[in-house]
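# Structural description and commentary
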Number of protein chains: 2
Amino acid sequence: MQTDLSRRLGIEHAIFGFTPFPAVAAAVTRAGGLGVLGAVRYTDPGALARDLDWMAAHTEGKPYGLDVVMPAKKVEGVTEADVEAMIPDAHRRFVHETLARHGVPELAAGDRSGWRITGWMEEVARAQLDVAFEHPVKLLANALGPPPADVVGRAHAHGVLVAALAGSARHAVRHAEAGIDIVVAQGYEAGGHTGEIATMVLTPEVVRAVDPLPVLAAGGIGSGEQIAAGLALGAQGVWLGSLWLTTEEAELHSPALTAKLLAAGSGDTVRSRALTGKPARQLRTAWTDAWDDPGGPGPLPMPLQGLLVAEALSRIQKYEVEPLLGTPVGQIVGRMDSRRSVRAVFDDLTAGFERAVTRLARIADHTPEPLPRPRPLP
Amino acid sequence: MQTDLSRRLGIEHAIFGFTPFPAVAAAVTRAGGLGVLGAVRYTDPGALARDLDWMAAHTEGKPYGLDVVMPAKKVEGVTEADVEAMIPDAHRRFVHETLARHGVPELAAGDRSGWRITGWMEEVARAQLDVAFEHPVKLLANALGPPPADVVGRAHAHGVLVAALAGSARHAVRHAEAGIDIVVAQGYEAGGHTGEIATMVLTPEVVRAVDPLPVLAAGGIGSGEQIAAGLALGAQGVWLGSLWLTTEEAELHSPALTAKLLAAGSGDTVRSRALTGKPARQLRTAWTDAWDDPGGPGPLPMPLQGLLVAEALSRIQKYEVEPLLGTPVGQIVGRMDSRRSVRAVFDDLTAGFERAVTRLARIADHTPEPLPRPRPLP
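Per an unreviewed UniProt entry, chain A goes by Nitronate monooxygenase family protein and derives from Streptomyces blastmyceticus.

Below, the structure written as structure tokens:
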């Protein structure tokens with residue numbers, strides 16, 4: 001599965017695997033794709049450095065990437081404490097009451113700082129980048145549009161390609177103007193932050209809008225047939241995130257959450273602001289229902305909501321409180337119905353892609369021309 | 001573009017064109033697809049008979065279909081007047097006030113009955129079927145799931161295949177059990193009644209759920225690349241509705257509405273209950289905003305909402321009251337940016353499909369094997 005972009009990156013298949021788990025990212029790279037490690041959960045640059053060292057040792061010299069969450073606009077001198085102070089008491093009470101109603105235990109003192117999602121703070125993301133540029137990272141992706149201009153310049157100076165996610169053609173054009181190299185067109189059906197335009201419509205719109213920049217199709221892709229569809233739409237590769245969550249290498253550390261993912265159908269997700277304050281697709285749970293209830297206070301804007309709920313999510317996950325337990329995941333969750341190795345999943349993708357292309361060629365009647373008859377000798 | 005289904009129907013390309021306009025349906029059929037005429041607006045069976053006569057005379061003996069709106073469950077003895085009586089006065093006032101706020105004139109007495117959408121009433125749909133079975137219709141589609149068992153039987157006795165729209169795999173299985181022949185998997189991005197699962201995810205789910213029944217992909221398809229994507233997902237054909245609305249043959253009778261469609265982007269639609277009481281994708285207008293406003297009374301359930309707003313929609317359309325003027329249309333509206341003939345649109349579809357398949361085959365490296373070298377003579 002070779003496109004101009006896959007050749008440029010030196011990968012065998014134009015499949016990009018986004019994941020918060022180093023073991024998954026490394027396995028995607030070893031299988032012939034490009035594993036992209038999500039950095040948002042690394043508060044400590046040292047921990048990120050250790051995991052990137054591990055990646056380097058487990059990827060056979062093949063390329064991999066890092067995904068950071070970095071707003072293009074800098075807010076000068078705003079600390080986490082400043083942001084915390086903007087959260088209304090009524091919202092804190094709502095979190096407290098919702099957890100109490102479901103009997104969610106408090107964290108032990110030592111666990112409290114383990115799960116803060118502070119990776120979106122620019123200072124944290126910049127510390128992550130310092131680490132990344134000391135490692136042989138080949139792709140830097142940013143989940144919130146293009147990174148600041150100096151970061152794009154620094155990446156290019158290191159020979160690192162920069163990708164940015166976009167949910168509309170308008171955003172994609174803005175990203176292209178910021179000098180990035182690859183646009184990830186993230187459709188409505190995708191897990192995590194997503195707009196309202198479905199992959200089928202969004203992908204060709206973005207391809208056309210940023211031509212000749214390469215585009216990756218994201219959202220709703222979890223099989224070789226869906227990869228063929230994404231590439232038929234003009235993408236030069238596909239970006240898959242949800243599919244890896246139920247692989248053997250995924251370190252979810254929650255059997256209950258894994259069981260929920262394996263059982264969920266495509267209709268069991270919701271696009272909700274409950275997680276970060278921006279619409280993000282995730283498992284529908286009693287937690288998202290509480291935030292989406294018109295009778296409740298409703299989610300705060302980003303980044304307040306993320307700070308407000310960070311500890312609550314940590315408690316829900318640690319104690320596996322089933323009704324509240326969720327995760328960002330796309331509609332493709334309906335297809336994730338067994339635990340398998342990344343390699344097995346990946347091989348299914350490439351085999352399914354081959355089958356889909358063969359079938360399409362037959363539909364188009366691209367059967368080989370019969371050989372010309374030998375001309376009679378003179 | 002040949003599949004088992006297209007061969008069975010004797011059409012050149014597995015492209016199904018749904019439209020309320022006989023001239024469009026006939027042109028789709030003449031171009032090599034299968035035109036499907038929407039019957040919901042025909043209150044008078046005589047008018048439908050005349051239009052089907054016209055279709056027969058303008059389709060060169062090639063096959064075409066009819067789309068009715070018929071609930072599988074029969075409600076005995078309920079008349080239109082009974083249903084009208086269930087509409088609350090507050091909702092009637094809201095319609096009145098919304099029209100007044102935008103200065104929408106009253107209809108002249110003679111115009112009043114022209115635009116009732118009563119085709120969803122079973123007695124009307126059955127009268128339509130009597131007409132259909134006297135014409136060489138080859139496909140009967142139903143927008144609200146499978147038609148009643150006796151209708152399926154009657155269609156089969158006439159050699160007519162029956163198709164039903166489904167927005168989820170669960171509905172598709174129910175339709176298959178009702179004995180229909182084709183499932184139209186209608187994704188979130190589609191115009192008209194639609195569920196929440198996007199075409200990219202829905203199509204393969206439905207294909208798998210009803211195998212070996214043939215499935216048509218619907219929603220987000222308006223180019224040859226998107227047709228290739230739909231077929232890559234396992235569909236045996238594609239079902240396109242929105243794309244024809246801006247063709248030269250479309251009898252919208254509203255230059256203002258045509259201009260709105262040509263100008264709209266993919267983000268200018270909304271999935272709203274404003275039209276029929278069930279979620280249907282349509283242009284976002286001041287009318288849909290009024291109904292979707294949490295401060296308003298909100299839409300009534302089907303069929304009440306359709307009856308409530310029928311005359312209002314007729315007035316808005318007749319007087320082309322721009323802010324309120326809308327129509328069911330999918331996210332593909334962003335691609336509809338010029339008025340062209342059905343034939344020109346259709347030829348673009350087939351050419352784009354060919355290009356997409358050729359590109360995919362190159363990505364998969366399906367280049368023809370080099371010829372074997374001639375063996376040296378002994």
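Read on for the rest.
Now for the nonpolar core. One finds A:Trp287, A:Phe353, B:Trp287 and B:Phe353 to be the most contacted residues of the largest nonpolar core, which totals 131 residues. The contacts of B:Trp287, once residues within four sequence positions are left out, are B:Val95, B:Thr98, B:Leu99, B:Ala274, B:Val309, B:Ala312, B:Leu313, B:Ile316, B:Pro323 and B:Leu324.

On to the relation of the copies chain B and chain A, then. Rotating chain B by 180 degrees about the axis while translating it 0.0 Å along that axis superimposes it on chain A, leaving an RMSD of 0.0 Å. With respect to symmetry, the two chain copies, as superposed, fit the operation of a two-fold axis. The C-alpha atom lying nearest the rotation axis in chain B is that of B:Ala229; the distance is 1.9 Å. Most of the interface of chain B is mirrored in chain A: 98% of its interface residues are interface residues there too.

Here we come to the interface of chain B and chain A. Contacts between chain B and chain A engage 47 residues on the former and 46 residues on the latter. The three residues of chain B that bury the most area against chain A are B:Met200, B:Leu360 and B:Ile363, which together make up 18% of that side's buried surface. Applying the counting rule to chain B against chain A returns zero salt bridges. Where chain B meets chain A, there are 16 residue pairs in polar contact (both at pLDDT 80 or more). Listing elements by their share of the side of chain B that touches chain A, those giving two or more residues are helix 9 (199-210), helix 10 (224-232) and helix 14 (342-363) of chain B. In terms of residue count, helix 14 of chain B provides more of the side of chain B that touches chain A than any other element does, nine residues in total. For the side of chain B that touches chain A, the per-class residue count stands at 23 nonpolar, 15 polar and nine charged.

Using the criterion set out here, one finds seven aromatic pairs over all chains in the structure. Centroid distance A:Trp287 to A:Trp291: 5.9 Å. Interplanar angle 75 degrees. Geometry classified as edge-to-face. Of this pair, A:Trp287 and A:Trp291 both sit in helix 12 (residues 286-292), separated by four residues, roughly a single helical turn. Looking at A:Trp291, the relative accessible area reads 1%, which means it is buried. One aromatic cluster in this structure is built from A:Phe94, A:Trp287 and A:Trp291. The ring of A:Tyr188 carries the charged tip of A:Arg281 above its face, separated from the ring centre by 4.4 Å. The positively charged end of B:Lys318 is found above the aromatic ring belonging to B:Tyr319, 5.9 Å away from the centroid.

Another aspect to go through is the pattern of salt bridges. Residues and elements named next belong to chain A. Evaluation of the coordinates by the stated rule reveals 24 salt bridges over all chains. Glu 106 is the partner of Arg 315 in a salt bridge, and the nearest nitrogen-oxygen pair spans 3.9 Å. Here Arg 315, found in helix 13 (residues 304-318), pairs with Glu 106, found in the loop between helix 5 (89-101) and helix 6 (122-132); they are 209 residues apart in sequence, far enough to count as distant.

Let us now look at the sheet that holds strand 7 (residues 192-193) of chain B. Within a sheet, each strand pairs with its neighbour through backbone hydrogen bonds, oriented either parallel or antiparallel. Residue and element names in this part refer to chain B. Read across the open sheet, the three strands follow the order 7-11-10; overall the sheet is antiparallel. Both edges of this open sheet fall to strand 7 and strand 10 (269-272), since each of them pairs with a single strand only. Both strand 7 and strand 11 (residues 280-283) contribute to a ladder of two bridges, which runs antiparallel. For Gly 192, the partnering residue across the bridge sits in strand 11 and is Arg 281.

Pairing is antiparallel in the open sheet, where three strands are placed in the order 7-11-10 (chain A). With partners counted over all chains shown, the strands left at the sheet margins are strand 7 (192-193) and strand 10 (269-272) of chain A, one partner each.

Below, the discussion takes up the packing of helix 6 of chain A against helix 7 (residues 149-157) of chain A. Residues and elements named next belong to chain A. Running from N to C, helix 6 and helix 7 cross one another at 10 degrees; their axes reach a closest spacing of 12 Å. In terms of axis orientation, helix 6 runs roughly parallel to helix 7. Within the contact between the two elements, helix 6 uses Arg 126, Leu 129 and Asp 130 and helix 7 uses Asp 150, Val 151 and Arg 154. Across the contact of helix 6 with helix 7, the residue classes break down as two nonpolar, no polar and four charged.

Where helix 10 (residues 224-232) of chain A meets helix 9 of chain B, the closest approach of the two axes is 11 Å, and the angle between their N-to-C directions is 140 degrees. As summarised for this structure, helix 10 of chain A and helix 9 of chain B are arranged oblique, according to the angle between their axes. The element helix 10 of chain A and its partner helix 9 of chain B pack so that their crossing is right-handed. Residues A:Gln226, A:Ala229 and A:Gly230 of helix 10 of chain A pack against B:Met200, B:Val201 and B:Pro204 of helix 9 of chain B. Split by residue class, the contact of helix 10 of chain A with helix 9 of chain B holds four nonpolar, two polar and no charged.

All names here are of chain B. Residue position: Val 162 is located in strand 5 (residues 161-166). Taking relative accessible area as the criterion, Val 162 reaches 0% and is therefore assigned buried. Along the backbone, Val 162 and Ser 341 are 179 residues apart, and their C-alpha atoms lie at a distance of 29 Å. In contact with Val 162, not counting residues within four places along its chain, are Leu 140, Pro 147, Val 152, Ala 155, His 156, Ile 180, Asp 181 and Ile 182.

All right, on to the domain arrangement of chain A then. Residues and elements named next belong to chain A. Partitioning chain A into structural domains gives domain 1 (1-71 + 120-251 + 352-366) and domain 2 (80-115 + 255-335). Summarising the inter-unit geometry, the C-alpha centres of domain 1 and domain 2 are found 25 Å apart. At the boundary of domain 1 with domain 2, total buried surface from both sides reaches about 1,700 Å², with 64% on carbon and sulfur atoms. Put simply, Glu 196 and Arg 271 hold a salt bridge, and the shortest N to O gap is 3.8 Å. The tally of links between domain 1 and domain 2 comes to nine residue pairs in polar contact (both at pLDDT 80 or more). Here the residues of the side of domain 1 that touches domain 2 are counted per class, giving seven nonpolar, eleven polar and four charged.

B:Pro212 follows B:Asp211 through a cis peptide bond whose omega is 10 degrees. Within the fold, B:Pro212 resides in the loop between helix 9 and strand 8 (215-218). In this structure, B:Pro303 follows B:Met302 across a cis peptide bond, with omega equal to 0 degrees. Structurally, B:Pro303 is set in the loop between helix 12 (286-292) and helix 13 (304-318). For A:Glu60, which is not glycine, the phi torsion reads 55 degrees and is therefore positive. Relative to the helices and strands, A:Glu60 is located in the loop between helix 3 (45-57) and strand 3 (64-68).

What counts and what doesn't
- Residues numbered from 1 in each chain as written.
- Chains lettered and ligands numbered in written order.
- Predicted model: local features only at pLDDT ≥ 70, side-chain atom pairs only at ≥ 80, totals over all residues.
- Heavy atoms only, no water.
- Core = buried A, V, L, I, M, F, W, Y, C linked by side-chain atoms within 4.5 Å.
- Buried < 20%, exposed > 50% of the residue type's maximum accessible area, 1.4 Å probe, protein only.
- Contact = heavy atoms within 4.5 Å.
- Least-squares fit on C-alpha atoms with pLDDT ≥ 70 in both.
- Buried area = accessible area lost by both parts, 1.4 Å probe.
- Salt bridge = Lys/Arg side-chain N within 4 Å of Asp/Glu carboxyl O.
- Polar contact = N/O pair within 3.5 Å; in protein donor to acceptor, adjacent residues only side chain to side chain.
- Helix = DSSP H or I, 4+ residues; strand = E, 2+ residues; numbered from the N terminus.
- Nonpolar A, V, L, I, M, F, W, Y, C, P; charged D, E, K, R; others polar.
- Phe/Tyr/Trp six-rings, centres within 6.5 Å; stacked < 30°, edge-to-face > 60°.
- Lys NZ or Arg CZ within 6 Å of the ring centre and 35° of its normal.
- Pairing = 2+ DSSP bridges.
- Axes fitted to C-alpha atoms, helices over the stretch in contact; angles between N-to-C directions.
- Parallel < 35°, antiparallel > 145°, perpendicular 65-115°, else oblique.
- Left-handed = near helix turned anticlockwise from the far one by under 90°.
- Domains from an automatic or database assignment.

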